[in-house]
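One-letter residues, chain by chain:
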Amino acid sequence: MAPSAVETETTAVPNIATVKLNGATGPYKEIATTKFDKDAEAGLKGHKAAKYPHYLPTWNPNDKYPPLQPFEHYEHGKDADPSFPNLLPEGTTVTHLTPTIGTEVKGIQLSTLSNAGKDELARFVAERKVVAFRDQDFRDLSIEQALEYGGYFGRHHIHPTSGAPEGYPEIHLVHRGAGDNSVDKFFANRTSSVAWHSDVSYEAQPPGTTFLYIFDKPESGGDTLFVNAVEAYNRLSPAFQERLHGLKATHSAHEQANASASRGGIVRREPVINEHPIIRTHPTTGEKAIYVNPQFTRDIVGLKKEESDVLLKFLYDHLAYGADFQARVKWEEGTVVVWDNRVTQHSALIDWKNAQRRHLARLTPQAERPFETPYEG
C-alpha cells in the first residue's frame, strides 16, 4: 500500500470538543456533514442505494494521530516529457475548457498509466491547473489500489476531521446523503455556498497533485469551480507583484477543528498553524501563484490587523471575481478530476434542491513545503 501521512498508532490528543482552540470559533464550512441516514443510503425510504457502499464515510472518535512529521517530497512532474506521449497518445481527445485553466480528456485510462505517464500527468495538471478525465474505471479499483496509485505523487494526507471509509483514513470523502435537506437551514441565513480554498493549506507541506473521483451525483448541479492562482498573479501590476514578494501569511486548522467538534464530528489530530509565502513558486513549471485563501488564511505576518485585512480581502476578491481565469467542472459518471492544489483554488457548489446524493472520494498526496523565488520583474 502507498505510504501514509502517519503511523497508525494512537497518541494522546486533547479533547478538542471541550477546549476553545486559539480562540478560533468562527464559522468554517457550515454545510459540511458529520452523519447520514443509513437507511436512505441502503436504498430504503424511497431512495436509490449508494452505488459504492464500501466508500461511505465513517467518523471514529477514537482515531487519534500524532503531529505530522516533515518528509522529503519528490516532484515527479520534473521528470516528464513535455510532449506527453504516454499520457496523451494518438487518439486521445483533449478539449481545453478555457485558455488558461481547465481541460477535458477522453480516450485514456488513468489506472493503466506507466510511471512515465504518471510523471506526465503531474506536469500536464500543473500546466492546465485542473483536468477532468472522463469514462474512467478508477472508482472500481480496490481502495488499496487507489491508495497505491495516489501514493506515487506524495505522502497521503490523513484529514483531521473528514469522514473516511472504514479502515482507510487516507481517503477524504465528500458526501451528502440521499434525503439530506440540512442545507436548507444554511440558506435560511446565507446567500451562497461558494467557499474558495486550497485544500488543508494549514499543513506545513500542503497537497500538490490531487485526485477526486465520483460515485453518485445529482441529476443536475453539484459542479466544482476552480480558479487559476497563477493567472491571478499575472494580472497584477509589476509594482503590486513585487510588494507581495517576501510577505508570509498564517494558515490555521483551528477553525476547522472547532467547527467539526461543535457539530459532533471528530478531530483526529491536534490542529496547527503554519506560515507560507503569499506568492508561491511551483517546482516544475516555475510559475508563481497567489497562495492565500479565506477558509484557512488568517493574517499577514508583520502587518497590523487593519493592513492585513485590507490586503487579504483584495486578494480574496481578486481570485473570486476572476471569472476570466476560472473554470467550472461538470461531473459525469466515471469522471476523475485531477488538479494541482499549489496553483489553484476551488469551491464545490451546493445548488441542487431535490436532496439527491452527492458522493466522491479524494486522494490528497502532500507535496513540498511552499517556497518563494525572488521577484524578477
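Preceding this paragraph is the structure being described.
Quick caveat: nothing in here was measured; it's all calculated off a predicted structure. (Residues numbered from 1 in each chain as written. Predicted model: local features only at pLDDT ≥ 70, side-chain atom pairs only at ≥ 80, totals over all residues. Heavy atoms only, no water.)

Q: If you had to explain the sheet that holds strand E4 (residues 172–176) to someone new, which residues and values would you point to?
A: Strand order in the open sheet formed by 7 strands is E1-E2-E3-E13-E5-E15-E4, and the pairing between neighbours is mixed. Pairing within the sheet leaves two strands with one partner each, and these edge strands are strand E1 (93–96) and E4. Strand-to-strand twist across the sheet, computed as the mean angle between neighbouring axes with direction ignored, equals 20°. In this sheet, strand E15 (residues 358–363) lies alongside E4 in antiparallel orientation, the contact comprising 5 bridges. Residue pairing across strands places Leu173 opposite Ala361, the latter belonging to E15. (Pairing = 2+ DSSP bridges. Helix = DSSP H or I, 4+ residues; strand = E, 2+ residues; numbered from the N terminus. Axes fitted to C-alpha atoms, helices over the stretch in contact; angles between N-to-C directions.)

Q: Lay out the pairing of strand E13 (residues 336–340) in plain terms, naming residues and giving numbers.
A: The buried fraction of E13 is high, at 5 of 5 residues. Every second residue of E13 is oriented toward a common face, with Val336, Val338 and Asp340 on one face and Val337 and Trp339 on the other, all of them buried. As defined by bridge partners, strand E3 (residues 130–133) adjoins E13 across 4 bridges and the pair is classed as antiparallel. Within E13, the residue paired with Val131 across the bridge is Val338. Where strand E5 (residues 209–216) lies against E13, 5 bridges are found, and the strand directions are antiparallel. By the bridge assignment, Thr209 is partnered in E13 with Asp340. (Buried < 20%, exposed > 50% of the residue type's maximum accessible area, 1.4 Å probe, protein only.)

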